[in-house]
Amino acid sequence: MAGYAATSTRPIPRLDSDNRAFWTGGAVGELRILHCADCQGYTHPPRPVCRHCLSERVAPKAVAGSGVVDTFTVNYQKWFPAMEVPFVIARIALDGVPGVFLTTNIIGCPVDAVDIGDRVRVVFEQHGDVYLPLFEKAD
Ligand SMILES: [Zn+2]
């Protein structure tokens, strides 16, 4: 898994100048997505220019942190020895952030309790400087 350090039960991203705001926002309880000051669009994953208009006037913006399960799968494969299986890999459509989906894990419930359309909210799992945005069911 290039770009990841398998030091935990989840892959931990390496911080760089583009992604730091996203991965550290959980320190203050913020889910941050890059927002463009020119076209008001959102860009994810983080990168130096807006994916819509190529503007460089992008900056992290705290979003609601809630959303809906757009699609998901259950992973049974141990990608590295410390990984705990099974777990849910879900694509979350974020409230108020049109066109942006986060691929993440759903935690806090059995894997068979997750379904498309479920309301979810972000929870952060800290690993050093990195706060992984995971999601749990909201109801
Ligand atoms: Zn833009």
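## Structural notes on the nonpolar core
- Within the largest apolar cluster, 27 residues are counted, with the highest numbers of intra-cluster contacts made by Ala90, Ile92, Ile106 and Phe135.
- Top contributing element to this core by residue count: strand 10 (residues 130–137), with 5 residues.
- If near-sequence neighbours (up to four positions away) are discounted, Ala90 is found in contact with Val69, Phe72, Thr104, Ile106, Val114 and Phe135.

## Points about the pairing of strand 10
- Across the 8 residues that make up strand 10, a large majority, 6, are buried.
- Here 2 bridges tie strand 8 (residues 101–107) to strand 10, and the two strands are oriented parallel to one another. In the sheet register, Ile107 faces strand 10, and the bridge partner there is Glu136.
- From the end of strand 9 (residues 119–127) to the start of strand 10, which pair antiparallel, there are 2 residues, and Gly128 there has a positive phi angle of about 65 degrees.

## Focus on the sheet that holds strand 3 (residues 31–36)
- An order of 4-3-5 is seen for the 3 strands of this open sheet, with the pairing classed as antiparallel. Two strands lie at the open edges of the sheet, namely strand 4 (42–43) and strand 5 (58–63), each paired on one side alone.
- Here strand 3 pairs with strand 4 via 2 bridges, running antiparallel. Bridged to Leu34 within strand 4 is Thr43.

## Regarding the environment of Gly99
- Looking at the element boundaries, Gly99 is found in the loop between strand 7 (87–94) and strand 8.
- Through-space distance from the C-alpha of Gly99 to that of Gly41 is 8.6 Å; in sequence the pair is 58 residues apart.

## Observations concerning the sheet that holds strand 9
- Here we have 5 strands rolled up into a closed barrel, ordered 6-7-8-10-9, and mixed in their pairing. In this sheet, neighbouring strand axes are inclined to one another by 50 degrees on average, regardless of whether the strands run parallel or antiparallel.
- As paired elements, strand 9 and strand 10 share 8 bridges and run antiparallel to each other. Paired with Glu125 across the two strands is Leu132, which belongs to strand 10.

## What to know about unusual backbone geometry
- Cis geometry marks the peptide bond from His44 to Pro45; its omega dihedral reads 0 degrees.
- Tracing the sequence through the fold places Pro45 in the loop between strand 4 and strand 5.
- With an omega dihedral of -5 degrees, the bond running from Val85 to Pro86 counts as a cis peptide bond.
- Despite not being glycine, Gln40 has its phi angle at roughly 65 degrees, a positive value.
- Within the fold, Gln40 resides in the loop between strand 3 and strand 4.
- Of the residues examined, Gln40 has 11 C-beta atoms within 10 Å and is grouped as exposed.
- The phi torsion at Leu54 lies on the positive side, around 65 degrees, for a residue other than glycine.
- With respect to the secondary-structure elements, Leu54 resides in the loop between strand 4 and strand 5.

Parameters at a glance
- Residues numbered from 1 in each chain as written.
- Predicted model: local features only at pLDDT ≥ 70, side-chain atom pairs only at ≥ 80, totals over all residues.
- Core = buried A, V, L, I, M, F, W, Y, C linked by C-beta atoms within 7 Å.
- Buried ≥ 20, exposed ≤ 12 C-beta atoms within 10 Å, placed from the backbone.
- Helix = DSSP H or I, 4+ residues; strand = E, 2+ residues; numbered from the N terminus.
- Contact = placed C-beta atoms within 7 Å.
- Pairing = 2+ DSSP bridges.
- Axes fitted to C-alpha atoms, helices over the stretch in contact; angles between N-to-C directions.

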